[in-house]
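# Fold and contact review
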Amino acid sequence: MLDSTALTRHHELSGTATRMPERMTISAEPHIRSGQWEDSLNFVALNADKAAYAELFNYFAPRLKAFGMKMFGNEQQALEMVQDTMLNVWKKARLFDASRGCASTWIFTIARNVRFDMLRKKQSRKDDISADDLWADGDYPELEESSSDQWETMLLSEKLAPYFDALPIAQRLVMQKVYLEEKSHQEVAEELDIPLGTVKSRIRLALDRLREALDDTRS
Amino acid sequence: MTHAVKYHPGMMLMEQYVEGTLAPDVALAVATHIDLCPHCQRLCQDIHNDQASSLAADDAPVMADDFAALFSAITAEPQLEKPRKTQQRDAVTVNINGREFRVPRALSRLANQHGKWLQLGGVATAKLPAGDKMHVSLLYIDKGTEIPNHTHLGLEMTLVLSGTICDENGEYGAGDLLINTPADTHTPHTRADEDCLCLSVLSAPLKFNKGLTRLLNPLQQFFY
Ligand SMILES: [Zn+2]
């Protein structure tokens, strides 16, 4: 985690800011394709590639700011979170391991941990529960591909229709494409511009929720 | 681990845990459960992917800011080297009543700094340094011990770390998460031949949009 001296330091540095690479001024956002952000992170890791980092920065910094505003409701803290998160993305790029998850998940967890530790620091507790205690850094053993098939038959139940409509919209969309439009996971990933892993995750989460709903109707 | 975890945190609790919006003491109990439960490790990863992809969506709300100075400042910083080997936290053990227990990853830092064991009959507790407002402790119950019927003002979360707790409702083994509200009355006890170590969290009141019983997954029977 970033220490406070590093934070003050780049406030000072910003006075002597050099111009950003040419590519940063392109206003249209590049279209996301699966693997793009993982590639960018790898270039940052291998060559400290500023152009690759600029792509990540241009895409994620404004989104993180919006996320920070939602969570803090306060611009100063939202900006502090963006700053710490994006600094960690740059500094820790070599620690990113694409085999353990996609780039957006990695960046999201950095932002979440930064935010958690900011709140903790505000309460000036040193021996309190830290982000490192709460969230394992992807060090669980690999899980084998789980079969969602065993739960799929419940989708035939007519009782499920209202619960299907009540799914979070992102999960419902994936379910619709997979089960109603009979598209492959890969096709859905491409159509929705989300990582393949997220397609699989959303299917499992939706099936979990439907199971929960089904169980509720029985009790 | 041969025991299959039966009592999991519900979906809502898991989502708030991943978001980082759960009270830290409750989140600690959830994190420790996840360390012991492969099912929830996967669920946790799925929720991370789901939330991260929403944050990173093409149509996510964005804000116009001039980040040029920040960009320059960051890229002037040195990058960290990849560590040769991912550092594993050393296995941490706690000792009580002549027994040694290994604690899960989430508790390893805190358990190293546990307070003095306070013993009363077959029960011992040691506070974990989790902040002033938190009531997080290790709870040891000797074999063949019954805990008298008691009530709590807040929410009581008990995560079994080793051994078994039995009550009128069933048996809870390593990894199982029990959530008791002030309305619950039960008389937990250990088995005659086996002691038990738990993580106990007495939490400040929580705000949830569903009933407390929904904090535990109602599908526990369905899974295993
Ligand atoms: Zn679980």
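The rules behind these values
Residues numbered from 1 in each chain as written. Chains lettered and ligands numbered in written order. Predicted model: local features only at pLDDT ≥ 70, side-chain atom pairs only at ≥ 80, totals over all residues. Heavy atoms only, no water. Helix = DSSP H or I, 4+ residues; strand = E, 2+ residues; numbered from the N terminus. Buried < 20%, exposed > 50% of the residue type's maximum accessible area, 1.4 Å probe, protein only. Contact = heavy atoms within 4.5 Å. Areas by Shrake-Rupley, 256 points an atom, 1.4 Å probe, with all protein chains shown as cover. Donors = N, O, S within 2.8 Å, 3.2 Å for Na, K, Ca; no water. Tetrahedral: all angles 85-135°; square planar, octahedral: opposite > 155°, others 65-115°. Disulfide = S-S within 2.5 Å. Pairing = 2+ DSSP bridges. Phe/Tyr/Trp six-rings, centres within 6.5 Å; stacked < 30°, edge-to-face > 60°. Lys NZ or Arg CZ within 6 Å of the ring centre and 35° of its normal. Salt bridge = Lys/Arg side-chain N within 4 Å of Asp/Glu carboxyl O. Core = buried A, V, L, I, M, F, W, Y, C linked by side-chain atoms within 4.5 Å. pLDDT = per-residue confidence, 0-100. Expected span 1.5 Å × (residues − 1). Axes fitted to C-alpha atoms, helices over the stretch in contact; angles between N-to-C directions. Parallel < 35°, antiparallel > 145°, perpendicular 65-115°, else oblique. Left-handed = near helix turned anticlockwise from the far one by under 90°. Nonpolar A, V, L, I, M, F, W, Y, C, P; charged D, E, K, R; others polar.

The name given to chain B in an unreviewed UniProt entry is Transcriptional activator, with the source organism recorded as Alishewanella agri BL06.

### Concerning the overall build of chain B
Per the secondary structure count, chain B includes six helices and ten strands. Classification of the 224 residues of chain B by burial places 55% in the buried group. Excluding contacts between residues fewer than 6 apart, the proportion of contacts in chain B whose partners are at least 24 apart in sequence is 64%. Summed over all atoms, the accessible surface of chain B reaches about 10,500 Å², with 52% contributed by carbon and sulfur.

### A few points about the overall build of chain A
Assigned secondary structure in chain A consists of eleven helices and zero strands. From first element to last, N terminus to C terminus, chain A shows the α and β order α-α-α-α-α-α-α-α-α-α-α. Expressed as a percentage of its 219 residues, the buried residues of chain A come to 47%. Sequence-distant contacts, at least 24 apart, represent 59% of the contacts inside chain A between residues at least 6 apart. Total accessible area on chain A stands at roughly 11,200 Å², and carbon and sulfur atoms take up 51% of it.

### Concerning the coordination of the zinc ion
Ideal geometry at a metal centre: 109.5 degrees between donors when four sit tetrahedrally, and 90 or 180 degrees when six sit octahedrally. Distances from the zinc ion to its protein donors, His8 of chain B (ND1), His33 of chain B (NE2), Cys37 of chain B (SG) and Cys40 of chain B (SG), fall within 2.1 to 2.3 Å. Because the angles between the four donor atoms bound to the zinc ion fall within 101 to 117 degrees, the donor set is best described as tetrahedral.

### Describing the state of the cysteines
Working definition: the covalent bond between the sulfur atoms of two cysteines is a disulfide. Evaluation of the coordinates by the stated rule reveals zero disulfides over all chains. Looking at Cys102 of chain A, it has no disulfide partner, and the nearest cysteine sulfur is the one in Cys44 of chain B, 14 Å off. In this model Cys196 of chain B remains outside any disulfide bridge; the closest cysteine sulfur is found in Cys198 of chain B, 3.6 Å from its own. Overall, the relative accessible area of 0% leaves Cys196 of chain B in the buried class.

### Remarks on the pairing of strand E2 (residues 99-103) of chain B
Two faces belong to every sheet, and in a regular strand the side chains alternate between them. Residues and elements named next belong to chain B. The sheet contact formed by strand E1 (residues 92-96) and E2 spans five bridges and is antiparallel. Each residue of the ladder has a partner; that of Val92, found in E2, is Val103. Where E1 hands over to E2, the hairpin turn is made up of two residues, of which Asn97 adopts a positive phi near 55 degrees.

### Some details on the packing of aromatic side chains
Applying the stated criterion to the full structure yields 14 aromatic pairs over all chains. Judged by centre distance (4.8 Å) and plane angle (35 degrees), the ring pair of Trp37 of chain A and Tyr59 of chain A falls under tilted. One end of the pair, Trp37 of chain A, is in helix H2 (residues 36-47); the other, Tyr59 of chain A, is in helix H3 (residues 50-72), and 22 residues separate them in sequence. Classification of Trp37 of chain A as buried rests on a relative accessible area of 5%. Here the aromatic cluster, defined as three or more aromatic residues joined through ring pairs, consists of Tyr53, Phe57 and Trp90 of chain A together with Phe67 and Phe71 of chain B. Between the NZ or CZ atom of Arg112 of chain A and the centre of the ring of Trp135 of chain A, over which it lies, the distance is 3.8 Å.

### Quick notes on the pattern of salt bridges
Applying the stated rule across the entire model yields 17 salt bridges over all chains. The salt bridge involving Asp46 of chain B is made with Arg204 of chain A; its shortest N-O contact spans 2.6 Å. Placement of Asp46 of chain B in helix H3 (residues 38-55) and of Arg204 of chain A in helix H11 (residues 196-218) is noted, with the two residues assigned to different chains. The class of Arg204 of chain A is buried, set by a relative accessible area of 17%. In this structure, Glu171 of chain B engages Arg191 of chain B in a salt bridge whose closest nitrogen and oxygen atoms are separated by 2.7 Å. You can see Glu171 of chain B sitting in strand E8 (residues 170-172) and its partner Arg191 of chain B sitting in the loop between strand E9 (177-180) and strand E10 (196-203), a full 20 residues away along the chain. What emerges from the salt-bridge pattern is a single network uniting Lys177, Glu181, Lys183 and Glu191 of chain A.

### Observations concerning the nonpolar core
Counting residues in each nonpolar core, the largest one holds 90 residues, and the members touching the most others are Met86 of chain A together with Tyr17 of chain B. At eleven residues, H3 of chain A tops the list of elements feeding residues into this core. For Tyr17 of chain B, the contacting residues outside a window of four places in its chain are Arg112, Leu134 and Trp135 of chain A together with Leu22, Ala27, Val30, Ala31, Ile34 and Cys44 of chain B. Phe164, Val174, Met175 and Val178 of chain A belong to the second largest nonpolar core, which has 16 residues in total.

### A closer look at the confidence of the model for chain A
All names here are of chain A. Here chain A averages 80 in pLDDT, and 75% of its residues register 70 or above. Mean pLDDT per element in chain A: helix H1 (residues 4-13) is the minimum at 36, and helix H4 (residues 75-91) is the maximum at 96. Below pLDDT 50 for its whole length, residues 1-33 participates in 51 contacts with residues either more than four positions away or in separate chains.

### Structural notes on the confidence of the model for chain B
Residues and elements named next belong to chain B. Across chain B, pLDDT averages 83, with 82% of residues at or above 70. The weakest mean pLDDT in chain B belongs to helix H6 (residues 220-223) at 40; the strongest belongs to E2 at 96. Scored below 50 in pLDDT, residues 218-224 shows 20 contacts in the model against residues more than four places distant or in partner chains. Predicted as a complex, the structure gets a pTM of 0.83 and an ipTM equal to 0.85.

### Considering H2 of chain A
Residue and element names in this part refer to chain A. Counted at 1.5 Å a residue, the expected span for H2 with its twelve residues is 16 Å, and the 17 Å between its end C-alpha atoms agrees. Along H2, the residues that are buried comprise Gln36, Trp37, Glu38, Ser40, Leu41, Val44 and Ala45. A positive backbone phi angle near 50 degrees is found at Ala48, which sits one or two residues after H2.

### Regarding the environment of Gly131 of chain B
Residues and elements named next belong to chain B. By the secondary structure assignment, Gly131 is in the loop between strand E4 (123-127) and strand E5 (135-141). Overall, Gly131 belongs to the buried group, its relative accessible area being 11%. It is 12 Å that separates the C-alpha atoms of Gly131 and Val201, two residues lying 70 residues apart in sequence.

### Some remarks on the packing of H3 of chain A against helix H5 (residues 103-122) of chain A
Residue and element names in this part refer to chain A. Contact geometry for H3 and H5: axes closest at 11 Å, N-to-C directions at 40 degrees. The angle between H3 and H5 places the two elements in the oblique class. The two elements H3 and H5 cross, and the hand of that crossing is right-handed. Within the contact between the two elements, H3 uses Leu56, Phe60, Leu64, Phe67, Met71 and Phe72 and H5 uses Ser104, Ile107, Phe108, Ala111, Arg115, Met118 and Leu119. When grouped by side-chain class, the residues that make up the contact of H3 with H5 number eleven nonpolar, one polar and one charged.

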